[in-house]
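Below are the chains, spelled out letter by letter.
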Amino acid sequence: MKPSLAKGTRDFTAEEVSRRKYIINILQKNFELFGFQPLETPSFENLSTLTGKYGEEGDRLIFKILNSGDYTSKVNQEDWDNKSHQKLTSQISDKALRYDLTVPFARFVAMNHGKLTFPYKRYQIQPVWRADRPQKGRFREFYQCDADVVGSESLFQEVDLVQLYLKSFADLKVPVTIHLNNRKILSGLAEYAGITDKLIDFTVALDKLDKIGKEGVVKELLEREISQESIDKLDFLFTQSDDALENLLQLKEKFVGNEVGTKGVEELEFVLTKSISLGVDIQNLVFDITLARGLDYYTGAIFEVKADEVQMGSIGGGGRYDNLTEVFGVKNIPGIGISFGLDRIYLVVEELGLFPEEATSKVEYLFANFGGEETLEALKLIMQLREKGISAELYPENAKIGKQFTYAEKKGIKNLVFLGEEELKNGTVTFKDLAAGEQKTVSLEKFLG
């Protein structure tokens, strides 16, 4: 059988793993600088934990796990004959791979809220799985790097997360723009257009604007039975200016008497003005009124981060979800969180050529194998280098020196070391810098120096 990879998954070479660790280390350092503590949750959850939290489209993308053994033994025959997949799913599967890190986090908080100190700040760096259509920057298995705060309604949490985003991407040297909106503004727009009962349909369609354009969004709104009259009232959404505060002022005028919409404008205005007061360049912040982030659990601020110099989808996103733990029977624990898309960030950093040389893990020294006594002495020297934290290895066979050179070059090893009869007699070491092509002989003491 010819080996193959499942669609939407990848193998990672040594270079790729090292570069991913470079990104993760920067994110982890910043998470901890901002007061977040680590958490890990299982790769799979009860299916009931995940379903109903991501909206209709999100639920369809959850990878279900078949029950062990004969998973068809308890299937209702009528449901089987009618191919009623929704009814059959609950009969053949009660577990699923996690779709994101937020819902498992909410489940953790609900189970442990009596032991936690609030506000509780956690970060989590683990893989998630989505049965999505694979394409550039979109995979079925990928890592999320999340930072969440629960137990606080303060809008300064939003301001702090803006700072966390900007510092992390500055450390990665990736120029970004943070797009912001507020779900209360979207609720206000639905009320303004007389489509409050169609809020979810409206936000799901609007969230696709950057993918399908205005015509595509209008078409989808009509298909979701939203009237042309309501769509006409919302036409101004597609002609926003570049001035975030000017757009907010325009909304204030439209939301006179609209309590929920006005509240959303005030919250977003607070986040923008306080961020600017802290020195954030207004050019890095965009009030994107069409940003919806198609997840049902967001209730307030929503974020999306885009790279300025690379055509790529969002490389980060998140928002406030004040009611998420309520579905697990625990009320009054407001929360907000953001996510960094590791895989897309990797593609951006790679495309911009921003990975430093030290981001790739390479062996410092390869010791040539001459056989006999020299091999044992080489191993003793390798042990001393490793004690000093310097990577070194011995070529395993007493092969022709050309073969050992080729191995070192292909593996990207920096130096080839010769510890032969002459070196042992003189207490010296000869090594060749393979990149520069320079060869030196130095004393053993200087080499270990």
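Remember, predicted model here, so these are calculated numbers, not experimental data. For every chain, the first residue of its written sequence is number 1, and the numbers climb from 1 along that sequence. For this predicted model, a pLDDT threshold of at least 70 governs which residues receive local features, and a threshold of 80 or more governs which side-chain atom pairs are given and counted, while totals over whole chains, interfaces and linings are taken from all residues. Where side-chain values are given, they derive from all heavy atoms of the structure, hydrogens and water being excluded.

### Section: the pattern of salt bridges
1) Next: A carboxyl oxygen of Asp or Glu within 4 Å of a side-chain nitrogen of Lys or Arg is what we treat as a salt bridge. All told, the structure shown has 25 salt bridges when counted by the stated rule.
2) Next: Arg138 serves as the salt-bridge partner of Asp132, at 3.0 Å between the closest nitrogen and oxygen.
3) Next: Accessible area is worked out with a 1.4 Å probe on protein chains only. A residue is then buried under 20% of its type maximum, exposed over 50%, and partly exposed in between. The class of Asp132 is buried, set by a relative accessible area of 18%.
4) Next: On the basis of relative accessible area, Arg138 is assigned to the partly exposed category, the value being 24%.

### Here's the deal with the domain arrangement of the protein
1) Next: For the protein, the assigned domains are domain 1 (14-352) and domain 2 (362-448).
2) Next: Marked domain ranges trace back to an automatic or database domain assignment. Averaged C-alpha coordinates put domain 1 and domain 2 at centres separated by 52 Å.

### Some words on the sheet that holds strand 12 (residues 365-367)
1) Next: Across the sheet, which stays open at both edges, the 5 strands sit in the order 13-12-14-15-16 with mixed pairing between neighbours. The two strands at the open ends of the sheet, each matched to only one other strand, are strand 13 (392-394) and strand 16 (438-443). Ignoring which end each strand starts from, the neighbouring axes of this sheet average 25 degrees apart.
2) Next: For two strands to be treated as a pair, DSSP must find no fewer than two bridges joining them. Strands here are runs of E lasting at least two residues and helices are runs of H or I lasting at least four, both read from the DSSP assignment and numbered beginning at the N terminus. Inspection of the sheet shows strand 14 (residues 415-418) paired to strand 15 (residues 428-433) by 4 bridges, in the antiparallel sense. In the strand pairing of strand 15, Leu416 is matched with Lys432.
3) Next: Docked against the sheet, helix 15 (residues 372-387) engages strand 12, strand 13 and strand 15, running at close to 165 degrees with respect to strand 13.
4) Next: In what follows, residue pairs with any heavy atoms lying within 4.5 Å of each other are defined as contacts. The angle between two axes is taken between their N-to-C directions and runs from 0 to 180 degrees, where each axis is a line fitted to C-alpha atoms and a helix contributes only its stretch in contact. Along the sheet, helix 16 (residues 401-411) contacts strand 12, strand 13, strand 14 and strand 15; its crossing angle with strand 12, the most-contacted strand, is approximately 160 degrees.

### Details of the packing of aromatic side chains
One pair of aromatic rings is described through two measures. These are the centre distance and the angle between the planes.
1) Next: The aromatic pairing rule takes the rings of Phe, Tyr and Trp, using the six-membered ring of Trp, and pairs them if the centres are within 6.5 Å, calling planes under 30 degrees apart stacked, those over 60 edge-to-face and the rest tilted. According to the stated counting rule, one finds 18 aromatic pairs in the structure shown.
2) Next: For the ring pair Phe108 and Tyr120, a centre distance of 6.3 Å and an interplane angle of 35 degrees mean the geometry is tilted. In this pair, Phe108 is assigned in helix 6 (residues 102-112) and Tyr120 in strand 5 (residues 120-129), connecting sequence segments 12 residues apart.
3) Next: A relative accessible area of 17% means that Phe108 is categorised as buried.
4) Next: What links up through ring pairs into an aromatic cluster is the set Phe31, Tyr123, Tyr165, Phe169 and Phe340.
5) Next: Its end group placed over the ring of Phe139, Arg10 keeps NZ or CZ at 3.6 Å from the ring centre.
6) Next: By the criterion adopted, a ring carries a charge over it if an Arg CZ or a Lys NZ lies within 6 Å of its centre and within 35 degrees of its normal. The aromatic ring of Phe12 is capped on one face by Arg20, whose charged end is 4.0 Å from the ring centroid.

### Quick notes on the packing of helix 8 (residues 183-192) against helix 13 (residues 259-277)
1) Next: One way to put it is that helix 8 packs onto helix 13 with a least axis distance of 7 Å and a crossing angle of 150 degrees. The angle between helix 8 and helix 13 falls in the class roughly antiparallel. Crossing geometry of helix 8 relative to helix 13 is assigned as left-handed. Taken together, the residues of helix 13 that come into contact with helix 8 (itself represented by Lys184, Ile185, Ser187, Gly188 and Glu191) are Val260, Gly261, Lys263, Gly264, Val265, Glu267 and Leu268.
2) Next: Note on residue categories: nonpolar means Ala, Val, Leu, Ile, Met, Phe, Trp, Tyr, Cys or Pro, charged means Asp, Glu, Lys or Arg, and polar means any other residue, Gly included. Partitioned by chemical class, the residues of the contact of helix 8 with helix 13 number 4 nonpolar, 4 polar and 4 charged. To sort the angles, those under 35 degrees are grouped as roughly parallel, those over 145 as roughly antiparallel, those from 65 to 115 as roughly perpendicular, and the leftovers as oblique. Left-handed is the label given to a crossing in which the near helix is rotated counterclockwise from the far helix by less than a right angle, and right-handed is the label when the rotation is clockwise.

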